[in-house]
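Examining the three-dimensional arrangement
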Amino acid sequence: MSESSAEAAVEAATAAASAVSAAGGANWRRAGIAGAAIGVVAAGAAAGVAIERLTVGRGMRRKARLALDSAGPYGSLRGMPGKAVADDGTELYYEVDEVEPDSTLAPRRRRLFGRKAPAPVTVVFSHGYCLSQDSWHFQRAALRGVVRTVHWDQRSHGRSARGVAQVEDDMPVTIDQLGRDLKAVIDAAAPEGPLVLVGHSMGGMTVMALADQYPSLIRERVTGVAFVGTSSGKLGEVNFGLPVAGVNAVRRVLPGVLKALGQQAALVERGRRATADLFAGIIKRYSFASRDVDPAVARFAERLIEGTPIDVVAEFYPAFTDHDKTEALAYFADMPVLVLAGVKDLVTPSEHSEAIADLLPDAELVLVPDAGHLVMLEHPEVVIDRLADLLTRAGAVPAGATVGGYGSTSSTAQPG
């Protein structure tokens, strides 16, 4: 680490310590315990970084990141842009990919989905915490032109504006608010016709919140739903792969620590950049489980997460503890449902997906071995395959359509 980078990291850490300390001595002592617990995770990530440093210099690693950023196509797909306005005035950015006429379909698409025109269904993709609509890159590429899709950025993420209620009124973010945001996007981008809703992590929770507040919309227009790596509640019990004692400490103080860090956002972002290698290791640990993840894909995930400001991270985190939409799942009981998760997901463990499937006994449960939280990037062929089957069952594409031969790990999916 260069001298200037080290100084930036120290400056950010000092600012964070001062902010947390201002909250009170007891909180600071608890933060120290939580910091030690978080250190377990950081140490594991740092070990991998340290091994890399034995053979690769910092300058070379920076050049490698830049090369991956410039060469990787991930996140480059763009559609027809649009803006919806949330009930608090927040502008929500979305993009629409329209269906191509049959005559223009590529041979590969004809083989996957047949020659008949798909039903007039719109598939709406909702992304997760600290990500953006681009996290669906592979699925978007596979479905592009075959079925109408809407990809949108949650408030304060991606190209959407910062939440007005949060910035102007200091209102906390809630999952219910995200559900209303999704309703605004649907009203603007798909005001009529059948819908299939697809949500990953926080995006899945957003879909549940939509159902909880607008059950008539689900009943009248939604023909299928996919929950990917998500949860209907009890996220406060997730241990993130930490020891029990460490988890309890983290749960007590992390919201306050994140809020304090968010108040020193500029300095924290400097430290974040200065310690990019360590952050990369932590991101990889909590995003992927495979040893052989494409480096360009791993770097793409880093860019998505790095693009989320620390104050936005702090705003959203408390909402997950309060999230409980178990009862809302009943609104999806009479339609095709896909529940898919990575077996080694440390953020929303696969047990949460199994709990969802238990409440929707007709749902297809797919648990993907050797997959972490970003399963749609880590094993895109599995997610595409099962989404194509869901779309067939929901009437969005012709009967018998399947996705096969995409990548090499689709055989690792195991039906529940």
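A brief structural summary. Throughout this document, residue positions are counted from 1 along each chain, in the order its sequence is written. Local features in this predicted model are restricted to residues whose pLDDT is 70 or higher, and side-chain atom pairs enter the listing and the counts only when it is 80 or higher, whereas totals over whole chains, interfaces and linings include all residues. Computation of side-chain values: all heavy atoms of the structure, hydrogens and water removed.

**Considering empty space enclosed by the protein**
A probe matching the size of a water molecule, rolled over the atoms, marks out where space remains unfilled. Note on definitions: the grid is 1 Å and covers protein atoms alone; a cavity is a set of points where a 1.4 Å probe fits but cannot get out; a pocket is an open set with protein on both sides within 12 Å along at least five of seven lines; lining residues have an atom within 4 Å of a point. Grid points are joined across faces, edges and corners, and a volume is the space filled by probe spheres set on the points. Within this structure, the stated rule accounts for two cavities of 30 Å³ or more. Taken as a whole, the second largest cavity spans an internal volume of roughly 30 Å³. Around the second largest cavity, the lining residues are Gly75, Leu77, Gln133, Asp134, Trp136, His137 and Arg140.

**Points about unusual backbone geometry**
Of note in this structure, Cys130 is not a glycine but carries a positive phi near 65 degrees. By the criteria applied, helices consist of DSSP H or I runs no shorter than four residues and strands consist of E runs no shorter than two, each listed in order from the N terminus. Among the structural elements, Cys130 can be located in the loop between strand S3 (122-126) and helix H5 (137-143). The buried label applies to any residue whose accessible area, calculated with a 1.4 Å probe on protein chains only, is under 20% of its type's maximum; exposed applies above 50%, and partly exposed to all values in between. On the accessibility criterion, Cys130 (9% relative accessible area) is buried. For Asp170, which is not a glycine, the phi torsion comes out positive at approximately 55 degrees. With respect to the element layout, Asp170 can be found in the loop between helix H6 (164-169) and helix H7 (175-189).

**Re the pattern of salt bridges**
Opposite charge on two side chains lets them pair, provided their charged atoms get close. Every case where a carboxyl oxygen of Asp or Glu lies within 4 Å of a side-chain nitrogen of Lys or Arg is listed as a salt bridge. Taken as a whole and assessed by the stated rule, the structure comprises 23 salt bridges. With its nearest N and O atoms 2.8 Å apart, the salt bridge here joins Arg155 to Asp88. In this pair, Arg155 is assigned in the loop between strand S4 (148-152) and H6 and Asp88 in the loop between strand S1 (80-85) and strand S2 (91-97), connecting sequence segments 67 residues apart. A salt bridge links Asp134 to Arg159; the shortest N-O distance between them is 3.9 Å. Note that Asp134 is positioned in the loop between S3 and H5 and Arg159 in the loop between S4 and H6, a separation of 25 residues in sequence. Among the residues examined, Arg159 registers a relative accessible area of 43% and is labelled partly exposed.

**Digging into the pairing of strand S7 (residues 337-342)**
Most of S7 sits out of view: six of its six residues are buried. Residue alternation in S7 divides its side chains into two sets, Val337, Val339 and Ala341 and Leu338, Leu340 and Gly342, and both sets are buried. Strand pairing is assigned whenever DSSP detects at least two bridges linking the two strands. When strand S6 (residues 222-228) meets S7, the two strands line up parallel, connected through four bridges. Considered in S7, the bridge of Val228 is made with Leu340. Note that S7 and strand S8 (residues 364-368) share five bridges and pair parallel. Residue pairing across strands places Val339 opposite Leu365, the latter belonging to S8. The handedness rule is simple: strands pointing away from the viewer, and a clockwise path from the first strand over the helix to the second, make the crossover right-handed. Crossover connection from S7 via helix H15 (residues 350-359) to parallel S8: handedness right-handed.

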